[in-house]
Amino acid sequence: MSERLSVLKTYKLYVGGKFPRSESGRVYEVTDAKGNWLANAPLSSRKDARDAVVAARKAFGGWSGATAYNRGQILYRIAEMLEGRRDQYVAEVADAEGLSKSKAAAQVDAAIDRWVWYAGWTDKIAQVVGGGNPVAGPFFNLSSPEPTGVVAVLAPQKSSFLGLVSVVAPVIATGNTAVVVASEKSPLPALSLGEVLATSDLPGGVVNILSGRTAEIAAPLAAHQDVNAIDLAGADAELAKELEIAAADNLKRVLRPQPVDNADWSATPGTDRMTAFLETKTVWHPTGALGASGSSY
């Protein structure tokens, strides 16, 4: 009896809730930490980046208009689905980052827990950054947070999964949609995440995942007039400077890269990455006529 050949996995992009190959037809070899071949990943083009922005913009209205509670349920569902495929991600992270199985498992568990953490914040962040403002005059003055819009996210280069989740989850938790550029050297965990997102009740287009050369994909995203913000977590200093200049053309919000390594991604993230992509809407409303005693009614 002949030995059975294994069925190799075909990795694809995740754009608009679907799994296309790059429109260019290009791929590039992905290797493990020892240089052994793992897979051919799509080498995304500028056209793929533009298609992802179109999908993200189309999804923005529905996602930003959903209740915060509903967004939290969906983020929690992502965590549930990842828990069920934990072994797959442990293997992919171990190969991508050259980690032992136990260390890779710790990274995956932390990434799953991070989805749960942000799921709990979706209906609470407004109470932290919004509220009533004391003003002179017979007015209510209320400030409330609103999502910025379409956010381009350059995922961390070294932390292929925990770092990825740590920059994507806060963007969508607050109602934004995202175009994510996966780690150039280790894109496979990110591309596999698309399979979970597609089956987790997350509307198509809320998260779009591209793989390829970070600089090649990031340049058109930074200059794109329909991208409202960009997270430069995965850019080196030289690339970050170029992208900031391009982003200034339509006054994008820019979150500059910070010096983090894999260990730092495990720390409690705080609210900074959520508030980085929130706008504040302030509403004035008259309280009504003032009575003889000076009190309003």
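Conventions adopted
- Residues numbered from 1 in each chain as written.
- Predicted model: local features only at pLDDT ≥ 70, side-chain atom pairs only at ≥ 80, totals over all residues.
- Heavy atoms only, no water.
- Helix = DSSP H or I, 4+ residues; strand = E, 2+ residues; numbered from the N terminus.
- Rg over C-alpha atoms; globule rule 2.2 N^0.38 Å.
- Contact = heavy atoms within 4.5 Å.
- Areas by Shrake-Rupley, 256 points an atom, 1.4 Å probe, with all protein chains shown as cover.
- Lys, Arg positive; Asp, Glu negative; His and termini not counted.
- Charge placed at Lys NZ, Arg CZ, Asp CG, Glu CD.
- Phe/Tyr/Trp six-rings, centres within 6.5 Å; stacked < 30°, edge-to-face > 60°.
- Lys NZ or Arg CZ within 6 Å of the ring centre and 35° of its normal.
- Pairing = 2+ DSSP bridges.
- Axes fitted to C-alpha atoms, helices over the stretch in contact; angles between N-to-C directions.
- Buried < 20%, exposed > 50% of the residue type's maximum accessible area, 1.4 Å probe, protein only.
- Core = buried A, V, L, I, M, F, W, Y, C linked by side-chain atoms within 4.5 Å.
- Salt bridge = Lys/Arg side-chain N within 4 Å of Asp/Glu carboxyl O.
- Expected span 1.5 Å × (residues − 1).
- Bend = angle between axes of the 7 residues up to and from the residue.
- Polar contact = N/O pair within 3.5 Å; in protein donor to acceptor, adjacent residues only side chain to side chain.

With respect to the overall build of the chain
The helix and strand tally for the chain stands at 11 helices and 10 strands. Over its C-alpha trace the chain gives a radius of gyration of 21 Å, about what one expects of a compact globule, namely 19 Å for 297 residues. Taking the principal axes of its C-alpha atoms as reference, the chain extends roughly 100 × 40 × 35 Å. Contacts spanning at least 24 positions in sequence make up 76% of the contacts within the chain whose residues lie at least 6 apart. Of the accessible surface of the chain, which amounts to about 14100 Å², a share of 54% is contributed by carbon and sulfur atoms. Each charge class in the chain was averaged separately, 29 positive and 31 negative side chains, and the resulting centres sit 3 Å apart.

Description of the packing of aromatic side chains
With the rule as written, the count across this model stands at 5 aromatic pairs. Measuring from ring centre to ring centre gives 5.1 Å for Trp 117 and Tyr 118, while their planes differ by 90°; the resulting arrangement is edge-to-face. Note on Trp 117 and Trp 121: the rings are 5.8 Å apart at their centroids and 55° apart in plane angle, and the pair reads as tilted. Of the two residues, Trp 117 and Trp 121 are both situated in helix 4 (residues 101-121); the distance of 4 residues between them amounts to about one turn of the helix. Looking at Arg 57, its charged tip hangs above the ring of Phe 60, at a distance of 5.6 Å from the centre. Over the aromatic face of Tyr 28 sits the side chain of Arg 213, whose NZ or CZ is 4.6 Å from the ring centroid.

Thoughts on the sheet that holds strand 7 (residues 207-210)
Within the open sheet, the 5 strands sit side by side as 7-6-5-8-9. Their pairing is parallel. The sheet is open, and its two borders are formed by strand 7 and strand 9 (253-255), each paired with just one other strand. Taken pair by pair, the neighbouring strands of this sheet meet at an average axis angle of 15°, ignoring direction. Across 3 bridges, the pairing between strand 8 (residues 229-231) and strand 9 is parallel. Bridge pairing in strand 9 links Ile 230 to Val 254. Lying over the sheet, helix 8 (residues 214-223) contacts strand 5 (150-154), strand 6 (177-181), strand 7 and strand 8, oriented at roughly 150° with respect to strand 6.

Structural notes on the environment of Gly 288
Residue position: Gly 288 is located in the segment after strand 10 (278-286). The partly exposed category is assigned to Gly 288, whose relative accessible area is 34%.

Side note on the nonpolar core
Of all hydrophobic cores here, the largest spans 62 residues; its most connected members are Leu 82, Trp 115, Phe 161, Ile 172, Val 180, Val 207 and Ile 209. With near-sequence residues (within four places) excluded, Ile 209 lies in contact with Leu 13, Tyr 14, Val 180, Ala 190, Leu 191, Leu 193, Gly 194 and Leu 197. Counting 25 residues, the second largest nonpolar core, distinct from the first, contains Val 15, Ala 49, Val 150 and Ala 152.

Here we look at the pattern of salt bridges
With the rule as written, the count across this model stands at 14 salt bridges. Put simply, Glu 216 and Arg 26 hold a salt bridge, and the shortest N to O gap is 2.9 Å. Of this pair, Glu 216 sits in helix 8 while Arg 26 sits in the segment before strand 1 (27-31), and the two are 190 residues apart along the sequence. Classification of Glu 216 by relative accessible area gives partly exposed; the value is 28%. For the salt bridge of Glu 244 with Arg 256, the shortest nitrogen-to-oxygen distance reads 3.0 Å. Taken as a pair, Glu 244 in helix 9 (residues 237-247) and Arg 256 in the loop between strand 9 and helix 10 (262-265) lie far apart in primary sequence, 12 residues in all. Since its relative accessible area comes to 25%, Glu 244 is described here as partly exposed. Within the structure, one salt-bridge network assembled from shared partners comprises Lys 9, Arg 85, Glu 92 and Glu 195.

Section: helix 1 (residues 46-65)
Compared with an ideal rise of 1.5 Å per residue, which puts 20 residues at 28 Å, helix 1 spans 29 Å between its outermost C-alpha atoms and is within 8% of the ideal. Ala 59 marks the point of greatest bend in helix 1, at about 40°. Of all the positions in helix 1, only Asp 48, Ala 49, Ala 52, Val 53, Ala 55, Ala 56, Ala 59, Phe 60 and Trp 63 are classed as buried. In this structure Ser 45 caps helix 1, since a side-chain oxygen of it lies 3.3 Å from the backbone nitrogen of Lys 47.

Just distances and angles here, no functional claims.
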